[in-house]
Amino acid sequence: MERLDPRTTHGTPDPLTHGGEGAFAGGAPAGRFDPWSYRDEAGVTGVDLVGYKVEASDGSIGKVDRASYEVNSSYLVVDTGPWIFGKKVMLPAGTVNHADHDERKVYVDRSKDQIKAAPEFDETVDADPAYRDKLGGYYDDTYSSIPPGTAR
């Protein structure tokens, strides 16, 4: 019997569309996680996501306060309201699994706890390369700790 290369995807279905369940570790099946770029299949091209509700893999976390669509520098700033004491969090674009434009919701493939434990958002340094490296590295590490193909 032929052995399959574990580094490639074989006959993998499209991710499910509810709450990030069935999302692929690293975004696209054969791709590596790119924190600062929206996935092609996320469905956010040409859409202003400001005001959309944001759903983590285990429930609602807030609303999009600001969205960036810059090449290799895209992100969402989410106002968490009372969830984590009215703080805002920055989510790199790569965490966006998909958007439901009818319901005006963005689904990210991280849990509330993962988002809550992320480096604190500071609007005065959001463009700072060191902050971006730290934040991107944090979310990249959360992918590597979950086996590929595991539903979130």
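Coordinates for the structure precede this section.
Residues numbered from 1 in each chain as written. Predicted model: local features only at pLDDT ≥ 70, side-chain atom pairs only at ≥ 80, totals over all residues. Heavy atoms only, no water.

Student: Which parts of the structure should I look at to understand the packing of aromatic side chains?
Tutor: For the structure shown, the criterion picks out two aromatic pairs. Above the face of the Phe33 ring, Arg110 is positioned so that its terminal group lies 5.4 Å from the ring centre. Just above the ring of Trp36 sits the side chain of Arg132; from NZ or CZ to the centre is 4.7 Å. (Phe/Tyr/Trp six-rings, centres within 6.5 Å; stacked < 30°, edge-to-face > 60°. Lys NZ or Arg CZ within 6 Å of the ring centre and 35° of its normal.)

Student: How do you make sense of the pattern of salt bridges when you look at a structure like this?
Tutor: Pairs may arise between side chains of opposite charge once their charged atoms sit close together. Inspection of the entire model under this criterion finds eight salt bridges. For Asp126, the salt bridge identified is with Arg66, shortest N-O distance 2.3 Å. Taken together, the residues span a long stretch of sequence, with Asp126 in the loop between α1 (112–116) and α2 (129–144) and Arg66 in strand β2 (residues 59–68) at a distance of 60 residues. The exposure class assigned to Asp126 is buried, which follows from its relative accessible area of 11%. Note that Lys105 is salt-bridged to Glu103, the shortest N-O span being 3.6 Å. Judged by relative accessible area, Glu103 falls into the partly exposed class, the value being 46%. Beyond isolated ion pairs, a larger network of salt bridges with shared partners links Asp65, Arg66, Lys88, Glu123 and Asp126. (Salt bridge = Lys/Arg side-chain N within 4 Å of Asp/Glu carboxyl O. Helix = DSSP H or I, 4+ residues; strand = E, 2+ residues; numbered from the N terminus. Buried < 20%, exposed > 50% of the residue type's maximum accessible area, 1.4 Å probe, protein only.)

Student: Please explain the pairing of strand β6 (residues 105–108) as it appears in this structure.
Tutor: The two faces of a sheet get side chains in turn, since along a regular strand they alternate between them. Covered by surrounding structure in β6 are Lys105 and Tyr107 together with Val106 and Val108, the residues of both alternating faces. Summarising the sheet, strand β1 (residues 53–56) and β6 pair through three bridges and their orientation is parallel. Paired with Glu55 across the strands is Tyr107, a residue of β6. When strand β5 (residues 96–100) meets β6, the two strands line up antiparallel, connected through four bridges. Considered in β6, the bridge of Ala99 is made with Val106. The antiparallel hairpin formed by β5 and β6 contains four residues in its connecting segment, where Arg104 sits at a positive phi of about 55°. (Pairing = 2+ DSSP bridges.)

So far we have only geometry, and geometry alone does not tell us how the molecule works.
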